[in-house]
Amino acid sequence: MIKKQYILGLLTALLFVSCSNDEKTVFINVDDNGSPVNPTPTQTLKEKAKFKIGAAVKMKDLQNEANFKNAVLKHYSQITAEYEMKMASIWTSATAYNYTAGDYLAAFAKDNNMEIHGHTLVWYDSFPEWFNNAKYDSIAFEAKVKVYITDVVGHYKGKVKSWDVVNEVFADGGALRNEAVINPLFKDPIGFYGRCFKYAKAADPDAKLFYNDYSVVIDAGKRAAIKKMVTRFKANGVPIDGVGDQFHYGTDTNRQTMKTGFTDLASTGLLIHISELDIKVNTGKSDSYVFNDAEAQKQSETYKFITTMYEELPQNQKFAISTWGVTDKYTWLTSFWHSKEYPLLLDADYNKKPAYQGFLDGLK
């Protein structure tokens, strides 16, 4: 008892000793045993958010890198397959599917009390080579796609909670994309896409079904085309639950344009998914770019603006915010955009960047 009182007295004396006039006195809370009491640790994104926080992942990174796996488990409540649930990865031949990677990710999500978002069933850029080479007419083409959707969604029924049924139909400005697969084959491509939603719904009535595209909130023409499609779908009984905007934007993206477009998109009344979020910092693609503190702060402020904006949605329209990746170590933008790019919330060593705090601060 004497020893305990002595230690407490010594600590008290040390903690309250006067410093010189130009220094500050520091007060430290201690418990009954004289041990410092740590402040409440910062919440993780998934702990603070009242909706799902997702990340695009690859099976090999989860399997091969403990730091990657641990970061996913610590910060996220949902995953999206970065590419392994796309048609070209699964549909290996007219008579065979490869579910290996998709099954691994679905099991990983289940084992860790996470959800998995399926990306993507129909995308002009992900039809397998054997399928494109078959040169089907529109009837045979749709019959094959119907079987694919039915089989894949059925395979993951009750495991994959939501799907991007259709991806990137519209070009910049809002015209139908001038792609060589679907648009030339159907007199009414939008009608075909609507039927794809119906095939998915029949295979898993409980799954949430999304249309996904990029630049939705900053391209008024594309957004108008999407809203027109949604209106048509609703009128024709097409079971669409939500719209995803990929949010591959940058620190220089006009925030008022973003906000105006986001409000307009929300007027659909559908679930809104920020589906592939990353924020470019090297917006000029400069070889001499340096990601310094000022640049990190700009990125943080952009993330905060986006999450604050998302939180202003009605609660029943909030589906998820999903980053397209976990760490700057593995981002598609270093090959697609510029080698000096740092778009995500964690740096290459899995440390939280200011962007992480900005995202967190924007959450209610």
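Residues numbered from 1 in each chain as written. Predicted model: local features only at pLDDT ≥ 70, side-chain atom pairs only at ≥ 80, totals over all residues. Heavy atoms only, no water.

Quick word on the environment of Ile-116
By the element assignment, Ile-116 lies in strand β5 (residues 115–123). Judged by relative accessible area, which is 1%, Ile-116 ranks as buried. With 61 residues separating them in the primary sequence, Ile-116 and Ala-55 have C-alpha atoms 9.6 Å apart. In this view, Ile-116 contacts Ile-79, Met-85, Leu-105, Ala-106, Ala-109, Lys-159, Val-160, Lys-161 and Ser-162; residues no more than four positions away in its chain are not counted. (Helix = DSSP H or I, 4+ residues; strand = E, 2+ residues; numbered from the N terminus. Buried < 20%, exposed > 50% of the residue type's maximum accessible area, 1.4 Å probe, protein only. Contact = heavy atoms within 4.5 Å.)

Topic: the nonpolar core
Counting residues in hydrophobic clusters, the biggest one holds 95 residues, and the most contacted among them are Leu-121, Val-122, Ile-149, Trp-163 and Phe-247. A total of eight residues in this core trace back to one element, the largest contributor, which is helix α9 (residues 189–203). In contact with Leu-121, other than residues within four places in its own chain, are Met-87, Tyr-148, Ile-149, Val-152, Val-153, Trp-163, Asp-164, Val-165 and Ala-200. (Core = buried A, V, L, I, M, F, W, Y, C linked by side-chain atoms within 4.5 Å.)

As for the side chain of Ser-275
When you line up the elements, Ser-275 lands in strand β10 (residues 271–280). At 2.7 Å, the side chain of Ser-275 and the side chain of Asn-212 are in polar contact. (Polar contact = N/O pair within 3.5 Å; in protein donor to acceptor, adjacent residues only side chain to side chain.)

Side note on the UniProt feature "active site" (unreviewed entry) in the protein
Under the present numbering, the feature "active site" (unreviewed entry) in UniProt falls on Glu-276. Tracing the backbone shows Glu-276 in strand β10. The exposure class assigned to Glu-276 is buried, which follows from its relative accessible area of 6%. In contact with Glu-276, not counting residues within four places along its chain, are His-119, Asn-212, Asp-245, Gln-246, Phe-247, His-248, Ser-322 and Trp-324. (UniProt positions renumbered as here; feature names shortened; annotations may be inferred.)

Comments concerning the packing of aromatic side chains
For the structure shown, the criterion picks out 29 aromatic pairs. Plain terms: the ring middles of Phe-127 and Phe-141 are 5.3 Å apart, the flat faces sit at 45 degrees to each other, and that makes the pair tilted. Of this pair, Phe-127 sits in the loop between β5 and α7 (129–133) while Phe-141 is found in helix α8 (residues 138–155), placing the two residues 14 residues apart along the sequence. Grouping residues by exposure puts Phe-127 and Phe-141 together as buried. The ring of Trp-337 has Lys-280 sitting right over it, with the charged end atom 4.9 Å from the ring centre. (Phe/Tyr/Trp six-rings, centres within 6.5 Å; stacked < 30°, edge-to-face > 60°. Lys NZ or Arg CZ within 6 Å of the ring centre and 35° of its normal.)

Section: unusual backbone geometry
In this structure, the amide linkage connecting His-119 to the following residue, Thr-120, adopts the cis form with an omega of -5 degrees. Of note in this structure, Ser-215 is not a glycine but carries a positive phi near 60 degrees. Mapped onto the secondary structure, Ser-215 falls in the loop between β7 (208–213) and α10 (220–235).

Some details on the pattern of salt bridges
Once their charged atoms are close, side chains differing in charge can pair, the charge on each being opposite to the other. Scanning the model with the defined rule gives 14 salt bridges in all. Salt-bridge contacts for Asp-172 lead to Lys-222; the nearest nitrogen and oxygen are separated by 3.8 Å. Of this pair, Asp-172 sits in the loop between β6 (162–167) and α9 while Lys-222 sits in helix α10, and the two are 50 residues apart along the sequence. Residue class for Lys-222 comes out buried when judged on its relative accessible area of 0%. (Salt bridge = Lys/Arg side-chain N within 4 Å of Asp/Glu carboxyl O.)

Quick word on the packing of α9 against α10
Two elements in contact, α9 and α10, have axes whose closest approach is 11 Å; the angle formed by their N-to-C orientations is 60 degrees. By the angle between their directions, the pair α9 and α10 is classed as oblique. Judged by the twist between their axes, the crossing of α9 over α10 is right-handed. Of the residues in α10, those touching α9 at Ile-190, Gly-191, Tyr-193, Gly-194 and Phe-197 are Met-229, Arg-232 and Phe-233. Grouping the amino acids of the contact of α9 with α10 by side-chain chemistry returns five nonpolar, two polar and one charged. (Axes fitted to C-alpha atoms, helices over the stretch in contact; angles between N-to-C directions. Parallel < 35°, antiparallel > 145°, perpendicular 65-115°, else oblique. Left-handed = near helix turned anticlockwise from the far one by under 90°. Nonpolar A, V, L, I, M, F, W, Y, C, P; charged D, E, K, R; others polar.)

Brief notes about the pairing of β6
Every other side chain in a regular strand lies on the same face of the sheet, so the side chains alternate between the two faces. For β6, a buried count of six out of six residues is recorded, marking the element as mostly surrounded by other parts of the structure. Direction of pairing for β5 relative to β6: parallel, over a ladder of five bridges. Of the residues in β6, the one forming a bridge with Val-122 is Val-166. In this structure, β6 lies alongside β7, joined through five bridges in parallel fashion. What sits directly across from Asp-164, in β7, is Phe-210. Handedness of the crossover joining β6 and β7 through α9: right-handed. (Pairing = 2+ DSSP bridges. Right-handed = clockwise from strand over helix to strand, strands pointing away.)

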